[in-house]
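Notes for the structure review
So the chains spell out like this:
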Amino acid sequence: MTQEEIYLAFEAHNRVAEQGGGEKAINKQKKSGKNTARERINMLLDEESFVELDKFVLHDCNNYNMQEKRITGDGIVGGYGRIDGRLVYVYAYDFTVYGGSLSRSNANKIVKLQKLALKNGAPIIALNDSGGARIQEGVMALSGYSDIFYQNIKASGVIPQISAILGPCAGGACYSPALTDFIFMVKESSYMFVTGPDVVKAVTQEELTQEELGGSTTHASKSGVAHFVGRNEEETLMMIRELLSFLPSNNMEDPPRTASGDSPNRTCEKLQTLIPDDPNLPYDIKELIEEVVDEHYFFEVMQQFAQNIVVGFARMNGRPVGIVANQPAYLAGVLDIDASDKAARFIRFCDCFDIPIITLEDVPGFLPGRDQEHNGIIRHGAKIIFAYVEATVPKITLITRKAYGGAYIVMSSKESGSDVNLAYPGAEIAVMGAAGAVNILHRSLGEEEKKKATDDYIKLFSNPYRAAEKGYIDEIILPKDTRRKLIQALEMTENKTETNPPKKHGNIPL
Ligand code: HXC
């Protein structure tokens, strides 16, 4: 063969690899409203930055006459590229090849990328669209998953790991995402279940659609498995780019700073009247967050799950921060099991990647009741304080209104290791609200006397001064100064160094 013939053969080989499962399967994929694996990668990455590795891998399976059906690339498209100029690793399951199922050979491709991402300190993104373990391969496919999960766990806390669910994902195709930091789903075209509707029907006689069992609404609002939902694939992939803009590439790097056009001294007049005079009336904490952060831009995480607590990323004077905030507009901002899990996991993520945490507190306490107690509010609620105390990043807390009981303690109080604790003049810091306290302390009093006892209690505790007298609150601030004061606190704690005692790892109450 001449050199030219060799080059032509190579190009033909490339074209075959890029066809995946072939034209018919690609048409089926497109007809169902989904993009191909390569289209997805190109949409996600900076233009022409994708470098594909292991394009010519073939599977080794001989069961079911599979040796006759080897598809070049074996259903994974993977490699590296750039997002906003920064290195990332990426792989996409190709549903046109055996339903994107995992074989021993394509698992090797994924593991190679996971190891490269870890060694080179860059995020790894998985675009999932897969029927799980390739049934024809038996234990070989399971072994592939074991290796992937192993790498997911070893890389946890070292590099950001992000998963997008872009089609039906079953079995192992859900568990690798579950081990990563963030899961993105697409409205009405992505599903996650350990066992699909057919198996559920066979085992429990329950008839459920894919959407009901594991669609984006289920996972974003009920199970808490998904962190973000896009309206379509493109929006979902753009949201991944957005998320990465807040994150460092690895745990040894600082989060990326940007130049902010928003003055650090901007006053927030709107906040002077945000909190109602009546302490029992709600207000939307997201209005406060958006008023305070750079360019009013808040990138919320888990928007639909446990809405009584709000978590997400923003920038303050160009510096990424994580925000954890009670939401008085939903269940009065009470802490329950789901809110505790949501907050604790987010706090731990921020701590892994050196992102300072701002806590906005307005919480009447933990949610009482049989349901919560029986499902373990004690165990779950304990996760929040565990996560806060364990976190060594700068921690800044602002009490906007209520800080009652155990909820005062766990929401990053001074005594549980917060660096700067601020409060508005209307903050109420006490073991409980006035009505509850008077009913316990003065049960036998008449109505008139109870009213007086309530007024006395309010005078004593419905303010931040008792806490400030003891140094539990460092500074009482006016709402309009919130942005300036939070930025001052962030700058003051910028070079914070704190380490936990040497240990293998703590034992968070899971
Ligand atoms: C081999 C598979 C496959 C699999 C799908 N295909 N899943 N091939 N192994 N796991 C093939 C189909 O045979 C079909 O091939 C093509 O992919 C497209 O699949 P369809 O069923 O036509 O697509 P759709 O109707 O969209 O349904 C998608 C699906 C369904 C919901 C994912 O295919 C399905 O339920 N698959 C099995 C899911 C599963 O139980 N996986 C094993 C999980 S156990 P043709 O040739 O017809 O186009 C597991 C172990 C690890 O993963 C567990 C770790 C915790």
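Residue indices begin from 1 for each chain and proceed along its sequence in written order. Local features in this predicted model are restricted to residues whose pLDDT is 70 or higher, and side-chain atom pairs enter the listing and the counts only when it is 80 or higher, whereas totals over whole chains, interfaces and linings include all residues. Water and hydrogen atoms play no part in the side-chain values, which are based on all heavy atoms of the structure.

The subject of this paragraph is the overall build of the protein. Counting its regular elements, the protein contains 19 helices and 17 strands. Only C-alpha atoms enter the radius of gyration; for comparison, a globular chain is expected to reach 2.2 Å times N to the power 0.38, where N is the number of residues. The globule rule puts the C-alpha radius of gyration for 510 residues at 24 Å, and the 26 Å found for the protein is close to it. Each principal axis of the C-alpha atoms in the protein carries an extent, and together these give about 100 × 55 × 45 Å. Put simply, the protein has 510 residues, and 52% of those count as buried. Note on contacts: a residue pair is in contact if any heavy atoms of the two residues lie within 4.5 Å. For the protein, restricting intrachain contacts to residue pairs at least 6 apart in sequence, the fraction spanning at least 24 positions comes to 73%. Reported accessibility uses the Shrake-Rupley method at a 1.4 Å probe radius. Residues are deemed covered only where the shown protein chains occlude them. For the protein, the computed accessible surface area is about 23500 Å², with 53% contributed by carbon and sulfur atoms. The convention is simple: Lys and Arg are positive, Asp and Glu are negative, and His and the chain ends are not counted. For charged residues, the charge sits on one atom: NZ in Lys, CZ in Arg, CG in Asp, CD in Glu. Separation between the mean location of the 55 positive side-chain charges and that of the 68 negative ones in the protein comes to 3 Å. Only DSSP runs of H or I covering at least 4 residues are called helices, and only runs of E covering at least 2 are called strands; the numbering of each starts at the N terminus. Buried residues are those whose accessible area, probed at 1.4 Å on protein chains only, stays under 20% of the maximum for their type, while exposed residues exceed 50% and partly exposed ones sit between those limits.

Before going further, it helps to spend a moment on the site of the ligand. Put simply, a residue is near a molecule or strand once any heavy atom of it comes within 4 Å of that molecule or strand. Taken together, 19 residues surround the ligand, and among them Gly99, Gly131, Ala133, Ile135 and Gly172 come closest. Any pair of nitrogen or oxygen atoms within 3.5 Å is treated as a polar contact; in protein, a donor-acceptor pairing is required on top of that, and neighbouring residues in sequence qualify only through side-chain atoms on both sides. Here a nitrogen atom of the ligand and a backbone polar atom of glycine 131 are 2.6 Å apart. Interatomic distance of 2.9 Å between a backbone N/O atom of alanine 133 and a nitrogen atom of the ligand. Contact with the protein chains hides 54% of the accessible area of the ligand, taken as 1000 Å² for the molecule alone. Those elements that provide at least two residues to the shell around the ligand are helix H5 (139–155), strand E6 (168–170) and helix H6 (172–178). Looking at side-chain class alone, the shell around the ligand contains 9 nonpolar, 8 polar and 2 charged residues. Asp, Glu, Lys and Arg are counted as charged, while Ala, Val, Leu, Ile, Met, Phe, Trp, Tyr, Cys and Pro are counted as nonpolar; the rest, among them Gly, fall into the polar class.

Paired strands, as defined in this entry, are two strands with at least two bridges between them according to DSSP. The mixed open sheet is built from 7 strands, whose spatial order is E1-E2-E3-E4-E5-E7-E9. The open sheet is flanked by strand E1 (51–53) and strand E9 (228–230), the only strands paired with a single partner. Taking the axes of each pair of neighbouring strands and ignoring which way they run, one obtains an average angle of 25° across the sheet. Here an angle of 0 to 180 degrees is reported between the N-to-C directions of two axes, which are lines fitted to C-alpha atoms, with helices fitted over the stretch in contact. Sheet strands in contact with helix H3 (residues 37–44) are E1, strand E2 (76–83), strand E3 (86–93) and strand E4 (124–128), and its direction is about 160° off that of E3.

Bringing the packing of aromatic side chains into the picture now. Aromatic contacts are taken between Phe, Tyr and Trp rings whose centres are within 6.5 Å, Trp giving its six-membered ring; a plane angle under 30 degrees counts as stacked, one over 60 as edge-to-face, and the others as tilted. Per the counting criterion, the structure on display carries 14 aromatic pairs. Measuring from ring centre to ring centre gives 5.2 Å for phenylalanine 228 and phenylalanine 299, while their planes differ by 25°; the resulting arrangement is stacked. Separated by 71 residues along the polypeptide, phenylalanine 228 in strand E9 and phenylalanine 299 in strand E10 (residues 299–301) bring together distant segments of the chain. For the pair phenylalanine 228 and phenylalanine 299, a shared accessibility class is recorded, and that class is buried. When the ring of phenylalanine 246 is compared with that of phenylalanine 313, the centres are 5.7 Å apart and the planes differ by 25°; the resulting orientation is stacked. Highlighted residues: phenylalanine 246 in the loop between helix H10 (233–244) and helix H11 (285–292) and phenylalanine 313 in strand E11 (residues 309–316), separated in sequence by 67 residues. By relative accessible area, which is 0% here, phenylalanine 246 ends up buried. For phenylalanine 313, a relative accessible area of 0% corresponds to the buried category. Among the aromatic residues, those joined into a ring-pair cluster are Phe182, Phe184, Phe228, Phe246, Phe299, Phe313, Phe346, Phe349 and Phe353.

Throughout, the protein atoms alone are placed on a 1 Å grid, and a set of points is a cavity if a 1.4 Å probe fits but cannot get out or a pocket if it is open with protein on both sides within 12 Å along at least five of seven lines; lining residues have an atom within 4 Å of a point. Grid points are joined across faces, edges and corners, and a volume is the space filled by probe spheres set on the points. Of the volumes computed, that of the largest pocket is approximately 1700 Å³. Around the largest pocket, the lining comprises 50 residues; the ones closest to its centre are Ser156, Thr180, Arg345, Arg348 and Leu510. Looking at the lining of the largest pocket, the elements that each hand over two or more residues are H6, strand E7 (182–186), strand E8 (191–193), helix H9 (216–223), helix H12 (337–352) and helix H14 (377–390). The leading source of residues in the lining of the largest pocket is H12, at 10 residues. Of the residues that constitute the lining of the largest pocket, the class distribution is 26 nonpolar, 11 polar and 13 charged. When its volume is computed, the second largest pocket comes out at roughly 320 Å³.

Looking now at the side chain of asparagine 152. As for its placement among the helices and strands, asparagine 152 is situated in helix H5. On the accessibility criterion, asparagine 152 (2% relative accessible area) is buried. In contact with asparagine 152, other than residues within four places in its own chain, are Gln114, Gln161, Ser176, Leu179 and Thr180.

Residues Val420 and Leu422 of strand E15 (residues 420–423) are buried on one face, and the alternating residues Asn421 and Ala423, pointing to the opposite face, are buried as well. Strand direction decides the pairing type here: strand E14 (residues 395–404) and E15, joined by 4 bridges, are parallel. Looking across to E15, one finds that isoleucine 396 is bridged to valine 420. Crossover connection from E14 via helix H15 (residues 405–410) to parallel E15: handedness right-handed. By definition, the crossover connecting two strands over a helix is right-handed if that path, from the first strand to the second, turns clockwise as seen with the strands pointing away from the viewer.

Moving on, we come to unusual backbone geometry. Here aspartate 74, not a glycine, exhibits a phi torsion of approximately 55°, which is positive. Following the sequence through the fold, aspartate 74 ends up in the loop between E1 and E2. The exposure class assigned to aspartate 74 is buried, which follows from its relative accessible area of 0%. Its identity is not glycine, yet histidine 296 carries a phi of approximately 60°, on the positive side. Mapping histidine 296 onto the fold places it in the loop between H11 and E10. Taking the relative accessible area as the measure of exposure, histidine 296 reaches 40% and is therefore partly exposed.

Now for the pattern of salt bridges. What counts as a salt bridge is simple: a side-chain nitrogen of Lys or Arg found within 4 Å of a carboxyl oxygen of Asp or Glu. Using the criterion set out here, one finds 31 salt bridges in the structure. Note that arginine 257 is salt-bridged to glutamate 494, the shortest N-O span being 3.0 Å. Of this pair, arginine 257 sits in the loop between H10 and H11 while glutamate 494 sits in the segment after helix H19 (482–492); the two residues are 237 residues apart in sequence, bridging distant segments of the chain. If you follow the salt bridges from partner to partner, you end up with Asp262, Arg266, Glu291, Asp294 and Arg483 in one network.

The quantities given are spatial measurements derived from coordinates; they are silent on function.
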